[in-house]
Amino acid sequence: MIEKYMSNNLNNPTYLFHGSPKLLEEIEQRQATDSNHNLENEDYAVFLTSSYLVASAYAFKDKIKQMSDDLPWDFQIGGNARTGEINIVIENVNIDDNLEGYIYVFPFEQDFKHNGNSIQYKCHRNITPIDRIKIKFSDFKEYYIINQNSKHL
C-alpha cells in the first residue's frame, strides 16, 4: 500500500499527505507562520503535500528540532511539481534513528487550494484521514540530505 503513496503523481495527485509527530483522529486547521515571511506558507489552514517523502520529513521535524534545541539547526523541505524534484536537507541536528512519526493520507478534493508549481496544498477546514501510517526515521533517512554535523543518537 505504501508504494501507491510513494508513486503519487506530484502534478495530478490522487492523494495528499500531512506529516505530524502526533497520532491524531482529525487534522485541525492551525495558524502557520514562515520565518522568511513567504505568504504562501502563512495561513490558518491544514497544510498538505502531494509528496509522501515531504510529509515524512514533517512527521519528524518538530521532534528533531526539540532534540536539537541547543544547536543552530536548519531544515529545508520542499519540492517542485513541474520538475518532480524533492529537496529535504537537515543540518546541525541531533537525530534518533528510532524516532517515530505519522503520515496522514487524504483523497485529493477540489476545494484544496494550490498555487503554481508547488507541491503544497491548503485546506480551510478540519479533515479526517483515510489512512494513518506510523513511520520510523531510519526507514526514510536515505531520502534526506543530512549534514555531516548532524549527530545520530
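Residues numbered from 1 in each chain as written. Predicted model: local features only at pLDDT ≥ 70, side-chain atom pairs only at ≥ 80, totals over all residues. Heavy atoms only, no water.

(A) The arrangement of the packing of aromatic side chains in detail. One pass over the structure, following the stated rule, counts 13 aromatic pairs. The interplanar angle of 35° and the centroid separation of 6.4 Å between the aromatic rings of Y102 and Y104 together place this pair among those described as tilted. Residue classification places Y102 among the buried positions, given a relative accessible area of 14%. In this structure Y104 comes out as buried when scored by relative accessible area, which is 0%. With centroids separated by 5.9 Å and ring planes inclined at 80°, the aromatic side chains of F108 and Y121 adopt a geometry described as edge-to-face. Remark: Y121 occurs in strand β9 (residues 120–123) and F108 occurs in the loop between β7 (100–107) and β8 (113–114); sequence separation between them is 13 residues. Taking the relative accessible area as the measure of exposure, F108 reaches 28% and is therefore partly exposed. The rings of Y5, Y15, F17, Y52, F60, F137, F140, Y143 and Y144 are connected pair by pair, giving a single aromatic cluster. (Phe/Tyr/Trp six-rings, centres within 6.5 Å; stacked < 30°, edge-to-face > 60°. Buried < 20%, exposed > 50% of the residue type's maximum accessible area, 1.4 Å probe, protein only. Helix = DSSP H or I, 4+ residues; strand = E, 2+ residues; numbered from the N terminus.)

(B) Focus on the pairing of strand β10 (residues 131–136). Only one face of β10 is buried: it carries D131, I133 and I135, and the other face, with R132, K134 and K136, is open. As paired elements, β7 and β10 share 6 bridges and run antiparallel to each other. Across the sheet, residue E100 finds its bridge partner in β10, namely K136. (Pairing = 2+ DSSP bridges.)

(C) The sheet that holds strand β11 (residues 145–146), seen in detail. Pairing is mixed across the open sheet formed by 3 strands, whose spatial order is β4-β5-β11. The open sheet has two free edges, formed respectively by β4 (74–80) and β11, since each of these has just one partner strand. Of the pairings in the sheet, the one linking β4 to strand β5 (residues 85–91) comprises 7 bridges and is antiparallel in character. Looking across to β5, one finds that F75 is bridged to I90. Where helix α2 (residues 52–67) meets the sheet, its contacts fall on β4 and β5, and the angle it forms with β4 comes to roughly 170°. (Contact = heavy atoms within 4.5 Å. Axes fitted to C-alpha atoms, helices over the stretch in contact; angles between N-to-C directions.)

(D) Structural detail: the pattern of salt bridges. Scanning all chains against the criterion turns up 6 salt bridges. With a closest N to O distance of 3.2 Å, E100 and K134 form a salt bridge. Residue E100 is found in strand β7, and its partner K134 is found in strand β10; the two are separated by 34 residues along the sequence. Taking the relative accessible area as the measure of exposure, E100 reaches 32% and is therefore partly exposed. Look at the salt bridges and you will find they share partners, linking E109, D111 and R125 into a network. (Salt bridge = Lys/Arg side-chain N within 4 Å of Asp/Glu carboxyl O.)

(E) Here's a closer look at the confidence of the model for the protein. Of all residues in the protein, 88% attain a pLDDT of 70 or more, and the chain-wide mean is 88. Of all helices and strands in the protein, the one with the weakest mean pLDDT is strand β12 (residues 151–152) (66), whereas β7 scores best (98). (pLDDT = per-residue confidence, 0-100.)

(F) Region of interest: a nonpolar patch on the surface. A grouping of I2, M6 and Y143 is seen on the molecular surface, where their side chains present a nonpolar patch of about 250 Å² in accessible area. Mapped onto the elements of the fold, I2 is located in helix α1 (residues 2–6). I2 sits in the partly exposed class, given a relative accessible area of 41%. (Patch = residues over 30% accessible without salt bridge, like charges linked within 9 Å, V, L, I, M, F, W, Y side chains within 5 Å. Areas by Shrake-Rupley, 256 points an atom, 1.4 Å probe, with all protein chains shown as cover.)

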